[in-house]
Amino acid sequence: MEHLEGILRQAAAAGCNGVVLTEYSFNRPGPVSRSDRARADRVKRLAAELGIEIIPTVFSPKTLLLVDPNLAEGLPVRNALYAVRNGVARLQPDPPVRLNNPGFEEGPANSPSGWLMRTSGGIRVSVDTTVSQSGSRSLQIIGPDTGTARVDLSQGFEVSPFRQYHVSVYARTQALSNKTALQGWVSGSDDKLLNYPRWSLSPDADWTRLDCTFDSLANRRVTLRLSAIQPRGTLWIDTVNVEETGFVNLLRRPGCPLTVTDGPTVYVEGQDYEPVADPGLGRTPRPGAFADYHAPPDGIRLTASSRIGPSARLRVSYYYCPVIYGVRVTQCLTEPAADDLMRREAQRVQDLLSPTTWMMSHDEMRVINQCEACRKRGMTPGELLADNVRRCAAIVRGINPNAQLAIWSDMFDPAHNARDNYYLVNGSLSGSWNGLPADTTIVNWNSIA
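Figured I'd write up the structure that's included with this text. Counting of residues starts from 1 at the beginning of each chain's written sequence and follows it residue by residue. In keeping with the predicted nature of the model, local features appear solely for residues at pLDDT of at least 70, side-chain atom pairs appear and are counted solely at 80 or more, and the whole-chain, interface and lining totals rest on all residues. By convention in this description, side-chain values take in all heavy atoms of the structure and omit both hydrogens and water.

### Regarding the overall build of the protein
- By definition, any uninterrupted DSSP run of H or I lasting at least four residues is a helix, any uninterrupted run of E lasting at least two residues is a strand, and each is numbered from the N terminus. In terms of helices and strands, the protein carries six helices and 19 strands.
- Each radius of gyration reported is based on C-alpha atoms, and the globular scaling rule is 2.2 Å times the count of residues to the power 0.38. Relative to its length of 449 residues, the protein is compact, with a C-alpha radius of gyration of 25 Å against a globular reference of 22 Å.
- Only protein chains enter the calculation, and the probe is 1.4 Å; a residue is then buried if its accessible area is under 20% of its type maximum, exposed if over 50%, and partly exposed in between. Buried positions account for 53% of the 449 residues belonging to the protein.
- Any two residues whose heavy atoms approach within 4.5 Å are treated as being in contact. Sequence-distant contacts, at least 24 apart, represent 80% of the contacts inside the protein between residues at least 6 apart.
- For the protein, the exposed surface amounts to about 19,800 Å²; the carbon and sulfur share of it is 49%.
- Neither His nor the chain termini are counted; the positive set is Lys and Arg, and the negative set is Asp and Glu. A charged residue contributes its charge at one atom only: NZ of Lys, CZ of Arg, CG of Asp or CD of Glu. Here the protein contributes 47 positive and 46 negative side-chain charges, whose respective centroids are spaced 1 Å apart. The method behind every accessible area is Shrake-Rupley, applied with a 1.4 Å probe, and residues are considered shielded solely by the protein chains displayed.

Printed below as a string of structure tokens:
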């Protein structure tokens, strides 16, 4: 509370007349408590004294997904192979991914075989035979103190379409000043990125495993690119691995069905196998946080009365939540349960703050129109977003008919994000602006020179 009051005083001193307030507890279940109301009244009194308008943010994905992480938008996995043994069906790579020279054990010192390497800006890359995480060699990268030096190591490999994969690489550092120097990107056959990692390194650290995931989508061949950009210090990499994985950030909601079949028979959850869930979804490393990768659930456990045979080979389809840049997750624009939570949030905001202006949090929505709930509607991502904005505006004005609505510009600007080929959005966002009420205040998201 003291921190917020300090911000209000600082804003008033700077000549501001409004402050946007993002408070994730607005979607807390249950009635408004006395302490909640006392805190809100205290903020309103100070804001009135300072001539500051409190503009609450509503419908943030963090607020919704803190309550129910299964409302995240999901990517599809289709017909992953699971083999039963000792009453548990576990993932079988189909087929296993084969990388060439994953530990840099082969090839000359300045050009490890199996990898296409491009360097620029005076960066030095060589095989190191004195330091390794596995085997007898690693790849050492030394970056200059200035400039835009970089190295890109890439390799293509075969995958099955619409499967979930896990990428890992070990890194070691010495006097590394750029903690995000190393990233592992995966692109499809059309060069479109399939993942958006955000690895972070300590300046001086022993071997540390870095992880990310990607969905192969319609691709049968993809390319892994390890990029070290402006490393400013010394970096070693070793033991690169790509493997098919399953149920990491598994989503369970009506619009993201789980299907287990052996071809002719579709098996029933709770009857043929125990309920399947990922305990780490939206809880890693803490409630409300999503990790791109964590240890996956241990397969599918058969019930005592299961019709599934003791050595059956199953095909499993499901949806999982991708994480963009290590933290960013988008909520589904269709699932009805999200509307119920948004109504609860809006009512709580009205009860506590009775605001004049409401800031709707539709920005950087990087996964749209991938789950079954959205795809069944037969709409473009732009139409889905426009429809969602209309519903959100109706929720606010159903509670506060005189509410002034505001929204970030990026998802509705054709020169910004309202276009085709935006992150993992399935289709074009063109036309998203058609859902905005005519009197909505558009808040610029672009930088102003």
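Further notes follow.
### Description of the pattern of salt bridges
- The rule for a salt bridge is simple: a side-chain nitrogen of Lys or Arg has to be within 4 Å of a carboxyl oxygen of Asp or Glu. Within this structure, the stated rule accounts for 28 salt bridges.
- Note that Glu-73 and Arg-253 form a salt bridge whose closest N and O atoms lie 3.5 Å from each other. With Glu-73 in the loop between α3 (61–67) and β3 (75–85) and Arg-253 in the loop between β13 (233–244) and β14 (259–261), the pair connects residues that are 180 residues apart, well separated along the chain. A single burial state applies to Glu-73 and to Arg-253, both of which are buried.
- By sharing partners, the salt bridges in this structure join Asp-94, Arg-163, Glu-244 and Arg-315 into a single network.

### Some remarks on the packing of helix α4 (residues 336–353) against helix α6 (residues 381–399)
- Only the stretch in contact is used when fitting a helix axis, every axis being a line fitted to C-alpha atoms; angles between N-to-C directions are given from 0 to 180 degrees. The interhelical angle for the contact between α4 and α6, taken along N-to-C directions, is 35°, at an axis separation of 9 Å. Our pair here, α4 against α6, has a crossing hand that is right-handed. Here Asp-339, Met-342, Arg-343, Ala-346, Gln-347 and Gln-350 of α4 come into contact with α6, specifically with Arg-391, Cys-392, Ile-395 and Ile-399.
- Residue classes in the contact of α4 with α6 are distributed as five nonpolar, two polar and three charged. Crossing handedness follows the turn of the near helix against the far one: under a right angle anticlockwise gives a left-handed crossing, and clockwise gives a right-handed one. Note on residue categories: nonpolar means Ala, Val, Leu, Ile, Met, Phe, Trp, Tyr, Cys or Pro, charged means Asp, Glu, Lys or Arg, and polar means any other residue, Gly included.

### Things to note about the side chain of Thr-63
- With respect to the helices and strands, Thr-63 occurs in helix α3.
- On the basis of relative accessible area, Thr-63 is assigned to the buried category, the value being 2%.

### Describing the packing of aromatic side chains
- Pairing of aromatic rings covers Phe, Tyr and Trp, the last through its six-membered ring, and needs centres within 6.5 Å; plane angles under 30 degrees mean stacked, over 60 mean edge-to-face, and all others mean tilted. Applying the stated rule across the entire model yields nine aromatic pairs.
- For the pair Trp-408 and Trp-445, a centre-to-centre distance of 4.6 Å together with 75° between the ring planes defines the contact as edge-to-face. Of this pair, Trp-408 sits in strand β18 (residues 404–408) while Trp-445 sits in the segment after β19 (441–443); the two residues are 37 residues apart in sequence, bridging distant segments of the chain.
- Overall, Trp-408 belongs to the partly exposed group, its relative accessible area being 25%.
- Here the aromatic rings of Tyr-422 and Tyr-423 are separated by 4.9 Å at their centres, their planes lie at 75°, and the arrangement is edge-to-face. Tyr-423 carries the same exposure label as Tyr-422, and that label is buried.

### Points about the environment of Ala-304
- Mapped onto the fold, Ala-304 is located in the loop between β15 (300–301) and β16 (313–320).
- For the pair formed by Ala-304 and Tyr-273, sequence separation is 31 residues and the distance between their alpha carbons is 8.6 Å.

### Digging into helix α1 (residues 2–13)
- A helix is expected to span 1.5 Å multiplied by its residue count minus one. Its twelve residues give α1 an end-to-end C-alpha distance of 16 Å, which sits within 8% of 16 Å, the value for a rise of 1.5 Å per residue.
- Among all positions of α1, only Glu-5, Leu-8 and Ala-11 are buried. Buried residues in α1, looked at end-on, bunch into an arc of 125°, giving them a common side. Opposite its buried face, α1 presents the exposed residues Glu-2, His-3, Gln-10 and Ala-13, each directed more than 90 degrees away.
- On its buried face, α1 sits against β1 (18–21), α2 (34–50) and β2 (53–58).
- Following α1 by one or two positions, Gly-15 adopts a phi angle in the positive range, close to 90°. Directions pointing from the helix axis toward each C-beta atom define the arc.

### Regarding the packing of α2 against α4
- Running from amino to carboxyl end, α2 crosses α4 at an angle of 60°, the nearest separation of the two axes being 9 Å. The angle between the axes of α2 and α4 places the two elements in the oblique class. For the pair formed by α2 and α4, the contact residues are Asp-36, Arg-37, Ala-40 and Lys-44 on the first element and Arg-348, Asp-351, Leu-352 and Leu-353 on the second.
- Grouping the amino acids of the contact of α2 with α4 by side-chain chemistry returns three nonpolar, no polar and five charged. When describing relative orientation, an angle under 35 degrees is termed roughly parallel and one over 145 degrees roughly antiparallel, while 65 to 115 degrees is termed roughly perpendicular and anything else oblique.

### Some details on α4
- Between its first and last C-alpha, α4 extends 26 Å over 18 residues, near the 26 Å set by a 1.5 Å rise per residue.
- Tucked inside the fold, the buried residues of α4 contact β1, α2, β2, α3, β17 (357–360) and α6.
- Taken from the residues just after α4, Ser-354 is the one with a positive phi, measuring 45°.

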